[in-house]
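# Residue-level structural notes
Here is how the chains run, residue by residue.
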Amino acid sequence: MKTQFYNSEYKGVASVVLENEKIRATWLPSYGSKLASLIAKNQSGEQELLFQSDLTELIIPSYGAVFSDYDSSGFDECFPSIDSCEWNHQNMPDHGEVWAMPWHCEQLLNGSLTFSVYSEKFNYTFSKNITLDDDSLISTYQVQLHKSVLSLPFIWTPHALFRGTATTQFIIPEYMDKIYNVCGGGRLGPYGCVYDYPIAIKQAMLDLRYLEPKSANNCEKYYFTKKLCANSLFGFNDNNIEVRMSVDHHIVPYLGIWKNQGAYKGHYNFAIEPCTGIYDDTAHAYDSKLCQVVEPNSSIEWKFSIKIKA
């Protein structure tokens, strides 16, 4: 299946596009290589899978910006942390560094795209090579730590916000049967509470496979207590669309879910987030031995795939 590449513009920001008969994907290199739009195509037409805000023009964030002050849509890369924290007497900013940095973009001869960004603060290069293969978007990530005195612990997660609807249903491996709440308040109670999955509270039939309506006006985030296994698939279905994701589980062993059911900016969306570490704070995750670590003059590589059946 032939893949097209072209330059364009998205909400006032220069963009690059990969497109074939089933998928159109649009990235913004100057805006942290955000995947701003992901279109599924079939005989019935086109459907945007990623959540879109009401903004008609995007403002590119400055380094170290607070994520909530800017556009909360599409798919941003969180690296090397999710929450702001301190490592080696240096601040890892909110949502990580790279979402608010300009990336270099290059089209390769095989039709794929490569994005890369260099961190002066921590002396690493973070990159991703992306291909379209029929109905799949396949990304190969690499973090390379250059000459350094210390190793670099990191949390990476794809903060891909998908549109929420009344019919959204999560697809989670059956062996993942318990969750750990990391968003205090709401129907899941205080931070740290552990629940069964998918039925968290049997008396109230709290089925976590579904979204509450936007009128619930709450947010949830939780991690599954078990690690991902080899060949595990996870994702969601919604009407006639099914999205299945996979990762290299030995590098990306954890899985979290974020649900925004009206409380954050009045939006209605969700993210299914495989990640290299938990629980959002890299410094704390390192102390607890719950994240990946790259050593000086070495690199770590992993794959992340999104398969779309429309």
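To start, this report covers the structure provided alongside it. (Residues numbered from 1 in each chain as written. Predicted model: local features only at pLDDT ≥ 70, side-chain atom pairs only at ≥ 80, totals over all residues. Heavy atoms only, no water.)

## Concerning the state of the cysteines
The final tally for this structure, using the stated rule, is zero disulfides. With no disulfide partner, Cys-229 has as its closest neighbouring cysteine sulfur the one in Cys-275, 15 Å distant. For Cys-229, a relative accessible area of 39% puts it in the partly exposed group. (Disulfide = S-S within 2.5 Å. Buried < 20%, exposed > 50% of the residue type's maximum accessible area, 1.4 Å probe, protein only.)

## Things to note about the sheet that holds strand E11 (residues 124–133)
In space, the eight strands of this open sheet follow the order E9-E10-E11-E12-E25-E21-E20-E16, with antiparallel pairing throughout. The open sheet has two edge strands, strand E9 (104–107) and strand E16 (169–171), and neither has a second partner. Between one strand and the next, the sheet's axes are offset by a mean angle of 15°, whatever the strand orientation. (Pairing = 2+ DSSP bridges. Helix = DSSP H or I, 4+ residues; strand = E, 2+ residues; numbered from the N terminus. Axes fitted to C-alpha atoms, helices over the stretch in contact; angles between N-to-C directions.)

## A short note on unusual backbone geometry
Cis geometry marks the peptide bond from Phe-79 to Pro-80, where omega comes out at 5°. With respect to the helices and strands, Pro-80 occurs in the loop between strand E6 (75–78) and strand E7 (85–87). Residue Tyr-197 is joined to Pro-198 through a cis peptide bond whose omega torsion reads 10°. Looking at where Pro-198 falls in the secondary structure, it is placed in the loop between strand E18 (194–196) and strand E19 (218–224). The phi angle at Ser-33 is positive, at roughly 55°, despite the residue not being glycine. Position of Ser-33 among the secondary structure elements: in the loop between strand E3 (23–28) and strand E4 (34–42). Positive phi, close to 55°, is recorded for Asn-297, a residue that is not glycine. Looking at the element boundaries, Asn-297 is found in the loop between strand E24 (292–294) and strand E25 (298–309).

## Observations concerning the sheet that holds strand E23 (residues 268–275)
The strand order across the open sheet built from six strands is E15-E23-E22-E19-E17-E18, with neighbouring strands paired in antiparallel fashion. Every other strand in the sheet has two partners, leaving strand E15 (162–163) and E18 as the edge strands with one partner each. Here strand E22 (residues 254–261) runs beside E23; their pairing, made up of eight bridges, is antiparallel. Note on E23: the bridge partner recorded for Tyr-254 is Cys-275.

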